[in-house]
Amino acid sequence: MVDLFYKMKCLHQLGVKIHLHCYTADGVQQPELNKYCTEVHYYQRNSGPRGISLKLPYIVKSRASAALLTRLQQDDYPVLLEGIHCTYHLHIGALTGRKVLVRLHNAEFEYYHRLAGHEKNLFKKLYYSIESRLLKNYERGIANKAVFVAVSEQDAVLYKNIFGASQVHFLPVFIPYSMVTAKEGIGHYCLYHGNLAVNENEKAAVWLLTKVFSKLKLPLVIAGRNPSSALEKLAHQHPH
């Protein structure tokens, strides 16, 4: 989200007119976006059974909005698709002849494979495993239908080697920091921040607690969404 937001700010500063289309799970709109976009359109995801397909990844099929396609077909502007999640209309050939860029947020099939490896809940583990297989086939199928822009050099190489993508480039993430404003020195504590509901983020926090900060006196702060009781208990075993 940080990359996406500051990319919009950068494009706006360059004089690019942005027609933003975005999905929202709860219908909540973000007025801040109106500062940088010519227009903003919101769409509901087809969550639940409506988003399930035997051939397409859930993260893609649940974002197959007919209303979005109708709006895209009203002009011939270049299209920037943020993440594999939003590429359904590219997949079905509805954007043929358009200038299309896909921003790769991850090697998604590999990301879901790793989530499956860390997951203890059998239902979620099965979902991640199936999604990983579907994503690998899906990503191979669209690898030469657009120009791809990866957030890491490793992802760019992976797309070339595994999927044979002919047009894939590396572009670092857009961040808000244009100058150093931090105070000098090392500070008083270390901060680990992430969505702690994601199992790989919790595993990283556990590793830091057990392998690093259990051996140091330097204080560690773990902050993020929905930490498990097991993580909180482990953190409280170390007073610092």
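Residues numbered from 1 in each chain as written. Predicted model: local features only at pLDDT ≥ 70, side-chain atom pairs only at ≥ 80, totals over all residues. Heavy atoms only, no water.

Peer 1: Honestly, the nonpolar core in this entry has me stumped. Any pointers?
Peer 2: Soluble, globular proteins show a tendency: their nonpolar side chains are buried together. Core analysis: the biggest nonpolar cluster contains 37 residues, and Ile-84, Leu-90, Val-102, Leu-104, Phe-148 and Tyr-159 have the highest contact counts within it. If sequence neighbours within four positions are ignored, Leu-104 has contacts with Ile-84, Phe-148, Val-149, Ala-150, Val-151, Tyr-159 and Val-168. Judged by nonpolar contacts, the second largest core, of 9 residues, contains Tyr-192, Leu-209, Leu-231 and Leu-234. (Core = buried A, V, L, I, M, F, W, Y, C linked by side-chain atoms within 4.5 Å. Buried < 20%, exposed > 50% of the residue type's maximum accessible area, 1.4 Å probe, protein only. Contact = heavy atoms within 4.5 Å.)

Peer 1: For this particular structure, what's the right way to read the sheet that holds strand β5 (residues 147–150)?
Peer 2: Adjacent strands of a sheet form backbone hydrogen bonds with each other and so pair up, either parallel or antiparallel. Strand order in this open sheet of 4 strands is β3-β4-β5-β6, and the pairing throughout is parallel. Whereas interior strands pair on both sides, the edge strands pair on one side only; in this sheet they are β3 (79–82) and β6 (168–170). Between one strand and the next, the sheet's axes are offset by a mean angle of 25 degrees, whatever the strand orientation. By the bridge criterion, 4 bridges tie strand β4 (residues 100–104) to β5 in an arrangement that is parallel. (Pairing = 2+ DSSP bridges. Helix = DSSP H or I, 4+ residues; strand = E, 2+ residues; numbered from the N terminus. Axes fitted to C-alpha atoms, helices over the stretch in contact; angles between N-to-C directions.)

Peer 1: When you look at a nonpolar patch on the surface in this model, what are you seeing that I'm missing?
Peer 2: Together, Val-173, Ile-175 and Tyr-177 give the surface a local cluster of nonpolar side chains, amounting to about 340 Å² of exposed area. By the secondary structure assignment, Val-173 is in the loop between β6 and β7 (190–194). (Patch = residues over 30% accessible without salt bridge, like charges linked within 9 Å, V, L, I, M, F, W, Y side chains within 5 Å. Areas by Shrake-Rupley, 256 points an atom, 1.4 Å probe, with all protein chains shown as cover. Salt bridge = Lys/Arg side-chain N within 4 Å of Asp/Glu carboxyl O.)

Peer 1: Explain the pattern of salt bridges here, please?
Peer 2: Oppositely charged side chains can pair when the atoms bearing their charge come close. Following the criterion strictly, the structure yields 7 salt bridges and no others. Among the ionic contacts, a cluster of salt bridges with common partners joins Asp-3, Lys-7, Glu-82 and Arg-103.

Peer 1: Any chance you could explain the layout of surface pockets here in plain terms?
Peer 2: Empty space among the atoms becomes visible once a probe the size of a water molecule is rolled across them. For the second largest pocket, the calculated volume is near 270 Å³. Together, 13 residues line the second largest pocket, and Ile-52, Tyr-58, Tyr-127, Ile-130 and Glu-131 are the ones closest to its centre. Sorting elements by how many residues they give to the lining of the second largest pocket places helix α6 (residues 122–142) first, with 7 residues. Here the lining of the second largest pocket is built from residues that sort into 9 nonpolar, 2 polar and 2 charged. (1 Å grid on protein atoms, 1.4 Å probe; cavity = no way out; pocket = protein on both sides within 12 Å on 5 of 7 lines; lining within 4 Å. Points joined across faces, edges and corners; volume = space filled by probe spheres on them. Nonpolar A, V, L, I, M, F, W, Y, C, P; charged D, E, K, R; others polar.)

Peer 1: Looking at this structure, I do not really get the environment of Glu-82. What am I missing?
Peer 2: Within the secondary structure, Glu-82 sits in strand β3. Residue Glu-82 is classed as buried on the basis of its relative accessible area of 15%. The sequence separation of Glu-82 and Met-1 amounts to 81 residues, and the corresponding C-alpha distance is 9.9 Å. Sequence-distant contacts of Glu-82, defined by excluding residues within four places in its chain, comprise Leu-4, Lys-7, Arg-103 and His-105. A polar atom in the side chain of Glu-82 sits 2.6 Å from the side chain of Lys-7. There is a polar contact of 2.8 Å between the side chain of Glu-82 and the side chain of His-105. (Polar contact = N/O pair within 3.5 Å; in protein donor to acceptor, adjacent residues only side chain to side chain.)

Peer 1: Explain the side chain of Asn-199 here, please?
Peer 2: For Asn-199, the position within the fold is in helix α8 (residues 199–213). For Asn-199, a relative accessible area of 14% puts it in the buried group. Separated by 3.1 Å, the side chain of Asn-199 and the backbone oxygen of Leu-115 make a polar contact. Polar side-chain contacts of Asn-199 include one of 2.9 Å to the side chain of Glu-119. With residues near it in sequence (within four places) discarded, Asn-199 still touches Leu-115, His-118, Glu-119 and Tyr-128.

Peer 1: Can you help me understand the packing of helix α5 (residues 108–118) against α8 in this one?
Peer 2: The packing of two helices is summarised by the inter-axis angle and the distance between the axes. Relative to each other, α5 and α8 sit at 60 degrees, their axes nearing to 9 Å. Here α8 runs oblique to α5, going by the angle between their axes. Crossing hand, α5 versus α8: left-handed. Of the residues in α8, those in contact with Tyr-111, Leu-115 and His-118 of α5 are Asn-199, Glu-200 and Lys-203. Classifying every residue of the contact of α5 with α8 by side-chain character gives 2 nonpolar, 2 polar and 2 charged. (Parallel < 35°, antiparallel > 145°, perpendicular 65-115°, else oblique. Left-handed = near helix turned anticlockwise from the far one by under 90°.)

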